[in-house]
Amino acid sequence: MKKTFAPSLLRGALLFLFLLSSAAEARRAHKISRDPRTVGLGRNCQRNSDCKGHSQRCLKESDANGKPVPQSFCVLPCASFEAGTTKVIPGAPVDVSKKAKKPPPRCPATYQCRSAGSGVPIDMCVKE
């Protein structure tokens, strides 16, 4: 009388594969989409081409006396107020309805525009 363990072994293997596949799905983290303009902000640089984003600028620092410091970092300048708005032509009618195009935000989501002044030479986006 021979006993075969093939059916129970097959069931065990299938159960193992099912548990393994469900564990792999549970481990997949939801990747947070990130604005490509914000990648690499605050990184050390020597010139604009060292920054990752095309729109980023290398901001050189200076001490309280105005003497340049060898350190500099990548920043994202705020978009201008006029970015994305329609040009006004003298004598042409202006669309003031609710459907009129709103200007886009000056900085990406979760960033605020910090205006120039008190040691900052340009309007730049800073994390909230």
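Residue numbers run consecutively from 1 along every chain, following the written order of its sequence. For this predicted model, a pLDDT threshold of at least 70 governs which residues receive local features, and a threshold of 80 or more governs which side-chain atom pairs are given and counted, while totals over whole chains, interfaces and linings are taken from all residues. No hydrogens and no water enter the side-chain calculation; it runs on all heavy atoms of the structure.

### Some points on the overall build of the protein chain
Here is step 1: Secondary structure elements are defined from DSSP: runs of H or I of at least 4 residues count as helices, runs of E of at least 2 residues count as strands, and each element is numbered from the N terminus. In terms of helices and strands, the protein chain carries 1 helix and 4 strands.
Here is step 2: Each residue is placed in one exposure class: buried if its accessible area under a 1.4 Å probe, protein chains only, is under 20% of its type's maximum, exposed if it is over 50%, and partly exposed if it falls in between. The buried share of the protein chain, taken over its 128 residues, is 15%.
Here is step 3: In the protein chain, the share of contacts with a sequence separation of at least 24, taken over all contacts with a separation of at least 6, comes to 35%.
Here is step 4: Calculation of accessible area relied on Shrake-Rupley with a 1.4 Å probe; when residues are assessed, cover is drawn exclusively from the protein chains displayed. Of the accessible surface of the protein chain, which amounts to about 11000 Å², a share of 60% is contributed by carbon and sulfur atoms. Only heavy atoms matter for contacts: two residues are in contact if any of them lie within 4.5 Å across the pair.

### Let's talk about the state of the cysteines
Here is step 1: Any pair of cysteine sulfurs within 2.5 Å is marked as a disulfide. The final tally for this structure, using the stated rule, is 4 disulfides.
Here is step 2: Shown here is the disulfide that connects Cys51 with Cys74, its sulfur atoms set 2.2 Å apart. Note on the Cys51 and Cys74 pair: the S-S dihedral is about -95°, so by sign convention the disulfide is left-handed. Of the two residues, Cys51 sits in the loop between α1 (6–27) and β1 (57–62) while Cys74 sits in strand β2 (residues 68–75), which places them 23 residues apart along the sequence.
Here is step 3: For Cys51, a relative accessible area of 7% corresponds to the buried category.

### A few points about the confidence of the model for the protein chain
Caution applies to low-pLDDT parts of the model: their predicted coordinates are not meant to be read in detail.
Here is step 1: With 69% of its residues at a pLDDT of at least 70, the protein chain reaches an overall mean of 77.
Here is step 2: Values of pLDDT, which run from 0 to 100, indicate the predictor's confidence residue by residue. The spread of mean pLDDT over the elements of the protein chain runs between α1, the lowest at 64, and strand β3 (residues 111–114), the highest at 90.

### With respect to the pattern of salt bridges
Here is step 1: Throughout this description, the term salt bridge denotes a Lys or Arg side-chain nitrogen within 4 Å of a carboxyl oxygen of Asp or Glu. As enumerated under the stated definition, the model contains 1 salt bridge in all.
Here is step 2: A salt bridge links Arg106 to Asp123, with the shortest nitrogen-to-oxygen separation between them at 3.3 Å. One end of the pair, Arg106, is in the loop between β2 and β3; the other, Asp123, is in the loop between β3 and β4 (124–127), and 17 residues separate them in sequence.

### Thoughts on the nonpolar core
Here is step 1: What makes a nonpolar core is a set of buried Ala, Val, Leu, Ile, Met, Phe, Trp, Tyr and Cys residues whose side-chain atoms join them at distances within 4.5 Å. Leu76, Cys78, Cys107, Tyr111 and Cys125 form the largest nonpolar core, which has 5 residues in total.
Here is step 2: Apart from residues no more than four positions distant in its own chain, Leu76 is found in contact with Arg37, Leu41, Ser55, Gln56, Pro108, Met124 and Cys125.

### A short note on unusual backbone geometry
Here is step 1: We note that Thr110 has phi near 65°; this positive angle belongs to a residue other than glycine.
Here is step 2: As for its placement among the helices and strands, Thr110 is situated in the loop between β2 and β3.

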